[in-house]
Amino acid sequence: MATTTLPAAQQPGLPSGPTGAAPPGGTGRRVLRELRRDIGAVLSTAFLALIVVMALCAPLISTLTGHGPDTFDSAAVDKDLGGLPKGSLGGISGDHWLGVEPQNGRDILVRIAYGARISLLIAVSATVLTTVIGVVLGLLAGFYGRWVDQVISRLMDFLMAFPALIFMIAVLSALPAGNRPVLLVIVLSGFGWPYLARVVRGQTLTLTGREFVEAARASGAGSRALIFAEILPNLRSTIIVMTTLAVPGYIGTEAGLSFLGVGVTPPTASWGQMIANSVSWYQVDPMYFVIPGAFLFGTVLSLTVVGDRLRHALDAGEAS
């Protein structure tokens, strides 16, 4: 059933979730064409591709360099200088392409690659779980209304009223250290889903009263068909953009929690943990901070740029 053009979303800056005018394949090709024309999107995508390759090939990088993520190299540090890396720029050399950590001589490139695995795994897993919970509960609240909407909306208000970071720190501090990545995914998703659910609920309320939904209801379509065949496809753009923008937020949050000591626990490599360990070495070995900090900054910035350009491309297509 062809749908009619929808009004703009109630949330500023988010796509309105359009229309059955163009097939999904055509929309995808148009969005890709728009992104290819944007130099910022191209550069950001290239950097993200590099990070993904590093994460997937972390064992191969470890093999090529001859250093494991937890392998100490006492020959790469100068014990007479308190464990500072030998050579300039934090020990960068043919043997250690991005230098080594002070005191223990662990290879920074290898730990960056393994840290990328942890950051991406936690961020993507939390985003998927957040999206599933947020979309399902938002659809239920917006479509059924009444007591269903009241219960879900009050739960959203309750969770959004918490200062999330403080309560994440408190919850993670009280939980056992074992299987920390899984706990991080659960905690991040538990505090993150209400923001997507609120947007989905608002747009579902608008869509439920549209003519194409009423026509489908009049033709005998059940609640499941109305939700999944009529309403959900029109939320596609909103869901894509919000999930794209959620990933960098979760990467930054995971790094922040690891920096504070309640995230990923040693000896597992983590960018936030590496930055935390570099605090006492700022003045004598700034590269120990600069390199993991640059990777974290570049990854979050690239994901944000791609998400923002994707939003603009989808908005431009809906406006036309």
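Here the structure is a predicted model, which is why all the values come from computation and not from measurement.

Trainee: Account for the overall build of the protein, naming residues and giving values.
Mentor: A tally of regular secondary structure across the protein gives twelve helices and two strands. Going from N to C terminus, the protein has its helices and strands arranged as α-α-α-β-β-α-α-α-α-α-α-α-α-α. Reported as C-alpha extents along the three principal axes, the dimensions of the protein are approximately 80 × 45 × 30 Å. Each of the 320 residues in the protein was classed as buried or not, and the buried ones make up 48%. Here the analysis covers contacts within the protein between residues at least 6 apart in sequence; of these, 73% occur between residues at least 24 apart. Seen as two clouds, the 21 positive and the 19 negative side-chain charges of the protein have centres 10 Å apart.

Trainee: Now, about the environment of Ile251: what can you tell me, with residues and values included?
Mentor: With respect to the element layout, Ile251 can be found in helix α10 (residues 236-259). The exposure class of Ile251 is buried, given its relative accessible area of 0%. Between the C-alpha atom of Ile251 and that of His96, which follows or precedes it by 155 residues, the distance is 26 Å.

Trainee: Please give an account of the layout of surface pockets that cites residues and values.
Mentor: Roughly 330 Å³ of internal volume is contained in the largest pocket. Together, 18 residues line the largest pocket, and Thr130, Gly192, Tyr195, Ala246 and Tyr250 are the ones closest to its centre. The set of elements that each furnish at least two residues to the lining of the largest pocket consists of α4 (108-144), α6 (164-174), α7 (180-208) and α10. Ranked by residues supplied to the lining of the largest pocket, first place goes to α10 with eight residues. Taken together, the residues of the lining of the largest pocket sort by class into eleven nonpolar, seven polar and no charged.

What counts and what doesn't
- Residues numbered from 1 in each chain as written.
- Predicted model: local features only at pLDDT ≥ 70, side-chain atom pairs only at ≥ 80, totals over all residues.
- Heavy atoms only, no water.
- Helix = DSSP H or I, 4+ residues; strand = E, 2+ residues; numbered from the N terminus.
- Buried < 20%, exposed > 50% of the residue type's maximum accessible area, 1.4 Å probe, protein only.
- Contact = heavy atoms within 4.5 Å.
- Lys, Arg positive; Asp, Glu negative; His and termini not counted.
- Charge placed at Lys NZ, Arg CZ, Asp CG, Glu CD.
- 1 Å grid on protein atoms, 1.4 Å probe; cavity = no way out; pocket = protein on both sides within 12 Å on 5 of 7 lines; lining within 4 Å.
- Points joined across faces, edges and corners; volume = space filled by probe spheres on them.
- Nonpolar A, V, L, I, M, F, W, Y, C, P; charged D, E, K, R; others polar.

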